[in-house]
Amino acid sequence: MADSAADLATRVRSALEKEPLAMTLLLAHQLGVPEAEIVRALPDGRSCELELSRWEELIRSFPALQKVHVICSNAAVTLEAVGQFGGFSTAGIFFNVQTPSIDMHIRHAQLGSVFAVEKPGHVDGVPTVSFQFFDRAGHAAFKVFLTFGGSAPDPKRMSQFVELREKFRAHRA
C-alpha cells in the first residue's frame with residue numbers, strides 16, 4: 001500500500017534528520033517513491049509546488065536570471081550545464097531553449113509537476129535555490145539552480161527566486 005502524504009513526510013523528515021544533506025534523488029531510491037514525492041514532502045517549507053499549467057511562462061522568465069546551473073537527469077545519465085535561458089521556440093511536441101550555452105528540447109506534455117526548492121546543497125551544505133521540473137511519473141525532468149554550491153544566494157538572486165516562487169505558487173488563496 002502506498003504511503004499517505006503524512007506518512008511519507010514523516011519518513012522524509014526522519015531520513016533528513018539522519019542525513020541532512022541527502023540528495024532528493026537518492027532519498028527517492030531509498031524510500032521507494034518518485035523523486036517528486038520526496039520534494040513535495042520536504043520539511044520546513046523547503047519546497048513550494050508551483051502551477052504546472054504556467055510552465056511556459058515560468059521558463060520564459062528564466063532569461064532574467066542570467067547564468068544558471070541546469071541539471072537534466074534520466075535513469076541512465078545526469079547532464080549538467082551552466083548557461084542562460086533564451087532562444088525559445090516551439091516545434092511539434094517540443095518547447096525549445098536554444099542559446100550558445102543551453103540547447104534543450106522539452107517535451108512539455110510529459111511534465112507533471114514543478115517546484116521551487118530551497119535546501120542545503122548535498123556536497124557542502126551551502127543553501128541552494130532552484131526550480132525543479134518532474135515528469136508525470138514523478139521523475140526529474142530538469143532542475144534550474146540559481147545557486148549551486150560554494151556560496152549562499154546573494155540578496156538579488158534570493159529576491160528573484162522569491163518573486164518567481166510567489167508569482168507561480170500553486171493553490172494561492
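Above this note sits the structure.
Residues numbered from 1 in each chain as written. Predicted model: local features only at pLDDT ≥ 70, side-chain atom pairs only at ≥ 80, totals over all residues. Heavy atoms only, no water.

**Things to note about the nonpolar core**
1) Next: Counting residues in hydrophobic clusters, the biggest one holds 27 residues, and the most contacted among them are Ile59, Phe62, Phe85, Phe131 and Phe133.
2) Next: The set of elements that each furnish at least two residues to this core consists of helix H4 (55–60), strand E2 (68–73), strand E5 (94–98), strand E6 (103–106), strand E7 (111–120), strand E8 (127–135), strand E9 (140–145) and helix H5 (155–168).
3) Next: Core analysis: the second largest hydrophobic core is formed by 18 residues, Leu27, Ala28, Ile38 and Val117 among them. (Core = buried A, V, L, I, M, F, W, Y, C linked by side-chain atoms within 4.5 Å. Buried < 20%, exposed > 50% of the residue type's maximum accessible area, 1.4 Å probe, protein only. Helix = DSSP H or I, 4+ residues; strand = E, 2+ residues; numbered from the N terminus.)

**Considerations on the pattern of salt bridges**
1) Next: Per the stated rule, a full pass over the model turns up eleven salt bridges.
2) Next: Glutamate 51 is the salt-bridge partner of arginine 54, the closest N and O atoms lying 3.9 Å from each other.
3) Next: A residue is classified by how much of its surface remains accessible, and glutamate 51, at 23% relative accessible area, is partly exposed.
4) Next: We note a salt bridge from arginine 165 to glutamate 118, for which the minimum N-O separation is 3.5 Å. Of the two residues, arginine 165 is situated in helix H5 and glutamate 118 in strand E7; the sequence distance between them amounts to 47 residues.
5) Next: On the basis of relative accessibility, which here comes to 16%, the residue arginine 165 falls in the buried class.
6) Next: Overall, glutamate 118 belongs to the partly exposed group, its relative accessible area being 29%.
7) Next: Sharing partners across several salt bridges, the network here consists of Glu51, Arg54, Glu57 and Lys167. (Salt bridge = Lys/Arg side-chain N within 4 Å of Asp/Glu carboxyl O.)

**Thoughts on the sheet that holds strand E4 (residues 88–91)**
1) Next: The antiparallel open sheet is built from three strands, whose spatial order is E4-E5-E6. Only two strands of the sheet have a single neighbouring strand rather than two, namely E4 and E6. Across the sheet, the mean angle from the axis of one strand to that of its neighbour is 20 degrees, orientation sign disregarded.
2) Next: Examined bridge by bridge, E5 and E6 share four bridges and lie antiparallel to one another. Within E6, the position partnered with asparagine 96 by the bridge is histidine 105. (Pairing = 2+ DSSP bridges. Axes fitted to C-alpha atoms, helices over the stretch in contact; angles between N-to-C directions.)

**Topic: the sheet that holds E9**
1) Next: Pairing within the open sheet is antiparallel, and its six strands lie in the order E1-E7-E8-E9-E2-E3. Lying at the two open borders of the sheet, with one neighbouring strand each, are strand E1 (47–49) and strand E3 (78–83). Neighbour to neighbour, the strand axes of the sheet diverge by 20 degrees on average, direction disregarded.
2) Next: In terms of strand pairing, E1 meets E7 through three bridges, oriented antiparallel. Across the sheet, residue cysteine 48 finds its bridge partner in E7, namely alanine 116.

**A closer look at the packing of aromatic side chains**
The relation between two aromatic rings is expressed through the spacing of the ring centres and the mutual angle of the planes.
1) Next: Following the criterion strictly, the structure yields nine aromatic pairs and no others.
2) Next: These aromatic residues form a ring-pair network of at least three members: Phe62, Phe85, Phe131, Phe133, Phe142 and Phe161. (Phe/Tyr/Trp six-rings, centres within 6.5 Å; stacked < 30°, edge-to-face > 60°.)

**A few points about helix H1 (residues 5–18)**
1) Next: The end-to-end C-alpha distance of H1, which contains 14 residues, comes to 20 Å, matching closely the 20 Å that a straight helix rising 1.5 Å per residue would cover.
2) Next: Inspection of H1 places Leu8, Val12, Ala15 and Leu16 among the buried residues, and these make up the whole buried set. What you see down the axis of H1 is that its buried residues fit within an arc of 95 degrees, all on one side. Exposed residues on H1 whose side chains face more than 90 degrees from its buried face are Ala6, Thr10, Glu17 and Lys18.
3) Next: Along its buried surface, H1 packs onto helix H2 (24–31) and helix H3 (35–40). (Expected span 1.5 Å × (residues − 1). Arc of directions from axis to C-beta. Contact = heavy atoms within 4.5 Å.)

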